[in-house]
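Each chain, letter by letter, is given below.
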Amino acid sequence: MSKQLPLVAMDVCCAPLAREPLTQDQAVELSALFKALADPVRLRLLSLIASHAGGEACVCDLTDAFDLTGPTISHHLKVLRESGLITGDRRGTWIYYRVHPEVLARLSAVLTTTGEAVTA
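Everything quoted here is computed from the prediction, not taken from an experiment.

Novice: So what exactly am I meant to see when it comes to the packing of helix H2 (residues 24–37) against helix H6 (residues 101–111) here?
Specialist: In the contact formed by H2 and H6, the axes pass within 11 Å of each other and the chain directions differ by 105 degrees. Regarding the angle of H2 to H6, the classification is roughly perpendicular. Here Leu30, Leu33, Phe34 and Leu37 of H2 lie close against H6, whose contacting residues are Val103, Leu107, Val110 and Leu111. Here the residues of the contact of H2 with H6 sort into eight nonpolar, no polar and no charged.

Novice: How should the pairing of strand S2 (residues 86–91) be read in this particular structure?
Specialist: Consecutive side chains of a regular strand alternate in pointing toward one face of the sheet and then the other. The pairing of S2 with strand S3 (residues 94–99) spans six bridges and is classified as antiparallel. When the bridges of S3 are listed, Ile86 appears paired with Val99. Between S2 and S3, which pair antiparallel one after the other, the connecting turn spans two residues, and Gly92 there sits at a positive phi close to 70 degrees.

Novice: How do you make sense of the pairing of S3 when you look at a structure like this?
Specialist: Side chains Ile95, Tyr97 and Val99 project from S3 onto a buried face, and the interleaved Trp94, Tyr96 and Arg98 project onto a face without burial. Two strands pair when backbone bridges link them, and strand S1 (residues 56–58) and S3 are joined in this way by three bridges, in the antiparallel orientation. In the strand pairing of S3, Cys58 is matched with Tyr96.

Novice: Quick question: what am I supposed to make of helix H3 (residues 40–51) here?
Specialist: Count 3.6 residues to each turn of an α-helix, and residues three or four apart come out pointing the same way. Over its 12 residues, H3 runs 16 Å from end to end, which matches the ideal 16 Å to within 8%, given 1.5 Å per residue. All of the buried residues along H3 are Val41, Arg42, Leu45, Leu46 and Ile49. Angular distribution of buried residues about the axis of H3 spans 135 degrees; they occupy a single face of the element. Exposed and facing more than 90 degrees away from the buried side of H3 are Pro40 and Ser51.

Rules used throughout
- Residues numbered from 1 in each chain as written.
- Predicted model: local features only at pLDDT ≥ 70, side-chain atom pairs only at ≥ 80, totals over all residues.
- Heavy atoms only, no water.
- Axes fitted to C-alpha atoms, helices over the stretch in contact; angles between N-to-C directions.
- Helix = DSSP H or I, 4+ residues; strand = E, 2+ residues; numbered from the N terminus.
- Parallel < 35°, antiparallel > 145°, perpendicular 65-115°, else oblique.
- Contact = heavy atoms within 4.5 Å.
- Nonpolar A, V, L, I, M, F, W, Y, C, P; charged D, E, K, R; others polar.
- Pairing = 2+ DSSP bridges.
- Buried < 20%, exposed > 50% of the residue type's maximum accessible area, 1.4 Å probe, protein only.
- Expected span 1.5 Å × (residues − 1).
- Arc of directions from axis to C-beta.

This is how it looks when you write it as structure tokens:
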């Protein structure tokens, strides 16, 4: 699998919404990322991956958390991967997923009033 981020995730860098309006291109790029997050299953998958020990999670560890079929989970992971929010590496028969923290930081920064990503 490719480790390169899609263009949509790499180009998102803009001032906070409260500081200045988004351009049309920025709005399109950001909306693709937010659309990928706008599903409860995908948001939960992202959270499970991001909070997993070592910063990565095997798909085998993710499927048991849902009452969904494997193909449905795979579809949601594909949407997250194609949006640039996660990446995956095949190891044997399993795929291990990791979150792209820089993409999450950009999303966080655009939603703050200061432009700084919120860190916990």
